[in-house]
Amino acid sequence: MNFTNKIDFEVLVMVQDANPNGDPLNGNRPRETYDGYGEISDVCIKRKIRNRLQDMGENIFVQSDERSVDECKSLADRAKKNEEMQKAQKDKNKKQYAEAACKTWIDVRSFGQVFAFRDGNVSVGVRGPVSVHSAFSVLPISVDSMQITKSVNSETKDKKSSDTMGMKHKVHSAMYIIKGSINHQLAEKTGFSDEDAEKIKEALRTLFVNDSSSARPDGSMEVCKVYWWKHNCPMGQYSSAKVHRLVKVTAKVDDPKRFEDYEVVVDSLPDLVLEEIEGI
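Residues numbered from 1 in each chain as written. Predicted model: local features only at pLDDT ≥ 70, side-chain atom pairs only at ≥ 80, totals over all residues. Heavy atoms only, no water.

### Topic: the packing of aromatic side chains
- Counted by the stated rule, this structure contains 7 aromatic pairs.
- Here the aromatic rings of F61 and W105 are separated by 4.7 Å at their centres, their planes lie at 50°, and the arrangement is tilted. One end of the pair, F61, is in the loop between α1 (42-55) and α2 (75-80); the other, W105, is in the loop between α4 (94-104) and α5 (106-111), and 44 residues separate them in sequence.
- For the ring pair F115 and F117, a centre distance of 6.4 Å and an interplane angle of 80° mean the geometry is edge-to-face.
- For F117, a relative accessible area of 21% gives the class partly exposed.
- Pairwise contacts between aromatic rings join F61, Y97, W105, F115 and F117 into one cluster. (Phe/Tyr/Trp six-rings, centres within 6.5 Å; stacked < 30°, edge-to-face > 60°. Helix = DSSP H or I, 4+ residues; strand = E, 2+ residues; numbered from the N terminus. Buried < 20%, exposed > 50% of the residue type's maximum accessible area, 1.4 Å probe, protein only.)

As structure tokens, then:
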């Protein structure tokens, strides 16, 4: 089933006492813009989408180490196990190589991928139709930090080691907005289908299932709403920027702590079909 018409989407996420995306260059504090707004990188969001697709039984090329299901230790190893791709590489057929990769892995035909390995004679770049923006908070965030300690030695020693272990950071309460779109022209090139789009939508709705950690305890990250717009033509009758501006979120109180503390207004455009979905 081919991909029919352009799609835009927007996801409202509530964060309560969690670190949605730590910055390794800033002591793993929650990412912030220069003016104090919280940020979740697009790479982080796509990692979570991949994990959800993998949970749904889909084949994923960019698997995280702890979620690897094929015993491959690298992306190069994973590509070498694909017979069609190896045949195309011997023939130096880049088009066939890309088609085989897109057919095998849903994240390749969704997000694209660069295949450039040292021991290969073919370098192939695939542009994917699904684009995801970095997410930003509606209001500037407040970050709480605490010092954490350990009560046992990591290694056997004659005396007890220092208790100091490090710092832990969390966002007290904030709403983040994820925006994205699915391009028809690129979907045709990778073989991305309407069925694949439905899987992406379900992954967004359940984005934080099986994603808990000490930095993000269960229930601290919640998808509240998914807005899914379908255009009436392949190229789309409106720009993604214009569609994303349809959702206007404002705080109803000075210190919003719950989703109900925000007012969400969704405008409409002629011939643009909106599906509003509750998060899990």
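### Examining the layout of surface pockets
- Quantified by volume, the largest pocket comes out at close to 240 Å³.
- Surrounding the largest pocket, 13 residues form its lining, A98, C102, V126, K189 and T190 being those nearest its centre.
- Where the lining of the largest pocket is concerned, the elements lending two or more residues are α4, β6 (124-127) and α6 (184-190).
- If one sorts the elements of the lining of the largest pocket by residue count, α4 sits on top with 5 residues.
- Residue composition of the lining of the largest pocket, by class: 4 nonpolar, 3 polar and 6 charged.
- Empty space within the second largest pocket amounts to approximately 170 Å³.
- Together, L139, P140, I141, S142, V171, H172, S173, A174, D254, D255, P256 and Y262 line the second largest pocket. (1 Å grid on protein atoms, 1.4 Å probe; cavity = no way out; pocket = protein on both sides within 12 Å on 5 of 7 lines; lining within 4 Å. Points joined across faces, edges and corners; volume = space filled by probe spheres on them. Nonpolar A, V, L, I, M, F, W, Y, C, P; charged D, E, K, R; others polar.)

### A few points about helix α7 (residues 194-205)
- A rise of 1.5 Å per residue sets the reference length of α7, with its 12 residues, at 16 Å; its end C-alpha atoms lie 17 Å apart and thus fit the reference within 8%.
- Within the sequence span of α7, burial applies to D194, D196, A197, K199, I200, K201, A203 and L204. (Expected span 1.5 Å × (residues − 1).)

### Regarding unusual backbone geometry
- Although it is not a glycine, E71 adopts a positive phi angle of roughly 65°.
- Structurally, E71 is set in the loop between α1 and α2.
- On the basis of relative accessible area, E71 is assigned to the exposed category, the value being 77%.
- Not every positive phi belongs to a glycine, and D271 is a case in point at roughly 65°.
- Here D271 is to be found in the loop between β13 (262-266) and β14 (273-278).

### Concerning the nonpolar core
- Within the largest apolar cluster, 38 residues are counted, with the highest numbers of intra-cluster contacts made by I49, Y176, I182 and W228.
- Only β1 (7-18), α1, α5, β7 (130-132), β10 (164-182), α7 and β11 (221-230) provide two or more residues apiece to this core.
- Top contributing element to this core by residue count: β1, with 6 residues.
- With sequence-adjacent residues up to four places away left out, I49 is seen in contact with F111, V132, I200, A203, L204 and L207. (Core = buried A, V, L, I, M, F, W, Y, C linked by side-chain atoms within 4.5 Å. Contact = heavy atoms within 4.5 Å.)

### Quick look at the packing of α1 against α7
- It is the contact of α1 with α7, at a shortest axis distance of 9 Å, that shows an interaxial angle of 110°. By the angle class used here, α1 and α7 are roughly perpendicular. Taken together, the residues of α7 that come into contact with α1 (itself represented by I49, R52 and L53) are K199, I200, A203 and L204.
- Counted by class, the contact of α1 with α7 contains 5 nonpolar, no polar and 2 charged residues. (Axes fitted to C-alpha atoms, helices over the stretch in contact; angles between N-to-C directions. Parallel < 35°, antiparallel > 145°, perpendicular 65-115°, else oblique.)

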